[in-house]
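Summary of the model geometry
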Amino acid sequence: MSKPKLRAAAVAGTADDTEAIFYEALQRGDIDALMACWADEDEVFCVHPGGPRLVGAGAIRAAFEQMFANGAIHATPAHVRRVESLASAVHNVLERIEVLTAEGPRHAFVLATNVYHKTAQGWRMVAHHASPGMVHAPEEADEIPPVLH
């Protein structure tokens, strides 16, 4: 069986393969592997918890390099919901993040939305948007709330 990185580089790879490489790169602090997950398009964007919208590969790379200067990011997908079509995929991911506190390592939770497009280079990320961290995993609501906004 081929490695996920090789599968994601092929058109036959999946958005799941690219997502696995993205989270592995975060956990290793590997900026080159992480940026290889992104599409080569001017309008790709990323929003980190509480941060501004970063547009373009240069801005995204600079932000992750700054984050990796403090070490790898111990984020793992705990639960993923997918909406996929022939050429795009949207993954809503509950990320479990390990953070160091004065009391030692603790876990926090972030809801992230990752959007992938199928390109000539294979499935590539075009957007990553993450919510502020939470101490507990949020509950899922299966019912329509009485007031949407």
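A few points on the structure. (Residues numbered from 1 in each chain as written. Predicted model: local features only at pLDDT ≥ 70, side-chain atom pairs only at ≥ 80, totals over all residues. Heavy atoms only, no water.)

Another point: a negative patch on the surface. There is a patch of like negative charges on the surface, built from Asp40, Glu41, Asp42 and Glu43. For Asp40, the position within the fold is in the loop between helix 3 (31–36) and strand 1 (45–47). (Patch = residues over 30% accessible without salt bridge, like charges linked within 9 Å, V, L, I, M, F, W, Y side chains within 5 Å. Areas by Shrake-Rupley, 256 points an atom, 1.4 Å probe, with all protein chains shown as cover. Salt bridge = Lys/Arg side-chain N within 4 Å of Asp/Glu carboxyl O. Lys, Arg positive; Asp, Glu negative; His and termini not counted. Charge placed at Lys NZ, Arg CZ, Asp CG, Glu CD. Helix = DSSP H or I, 4+ residues; strand = E, 2+ residues; numbered from the N terminus.)

Right, let's get into the sheet that holds strand 4 (residues 88–101). Strand order across the open sheet formed by six strands is 2-1-6-5-4-3, with mixed pairing between neighbours. Unpaired on one side and paired on the other, strand 2 (53–55) and strand 3 (75–84) mark the two borders of the sheet. Going across the sheet, the axis of each strand differs from the next one's by a mean of 25 degrees, ignoring polarity. Helix 4 (residues 57–68) contacts strand 1 and strand 2 of the sheet and is inclined by roughly 125 degrees relative to strand 2. (Pairing = 2+ DSSP bridges. Axes fitted to C-alpha atoms, helices over the stretch in contact; angles between N-to-C directions. Contact = heavy atoms within 4.5 Å.)

Now for the environment of Glu95. Position of Glu95 among the secondary structure elements: in strand 4. A C-alpha to C-alpha distance of 9.1 Å links Glu95 and Ala130, two positions 35 residues apart in sequence. If near-sequence neighbours (up to four positions away) are discounted, Glu95 is found in contact with Tyr23, Thr76, Ala108, Phe109, Val110, Ala112 and His128. Separated by 2.5 Å, the side chains of Glu95 and Tyr23 make a polar contact. (Polar contact = N/O pair within 3.5 Å; in protein donor to acceptor, adjacent residues only side chain to side chain.)

With that settled, the discussion passes to the packing of aromatic side chains. Counted by the stated rule, this structure contains three aromatic pairs. Ring plane angle 85 degrees and centroid distance 5.2 Å describe the contact between Phe22 and Tyr23, whose orientation is recorded as edge-to-face. For the pair Phe22 and Tyr23, one class covers both residues: buried. Ring geometry for Phe64 versus Phe68: centroids 6.1 Å apart, planes at 45 degrees, classification tilted. With Phe64 and Phe68 both in helix 4 and four residues apart, this pair spans about one turn of that helix. Under the relative-accessibility criterion, Phe64 is labelled buried at 1%. (Phe/Tyr/Trp six-rings, centres within 6.5 Å; stacked < 30°, edge-to-face > 60°. Buried < 20%, exposed > 50% of the residue type's maximum accessible area, 1.4 Å probe, protein only.)

For the rest of this paragraph, the subject is the side chain of His91. With respect to the helices, strands and loops of the structure, His91 is situated in strand 4. Of note is the side chain of His91, whose polar atom sits 3.0 Å from the side chain of Glu84. When residues no more than four places from it in sequence are discounted, the contact partners of His91 are Ala15, Asp16, Glu19, Val80, Arg81, Arg82, Glu84, Ala112, Thr113, Asn114 and Tyr116.

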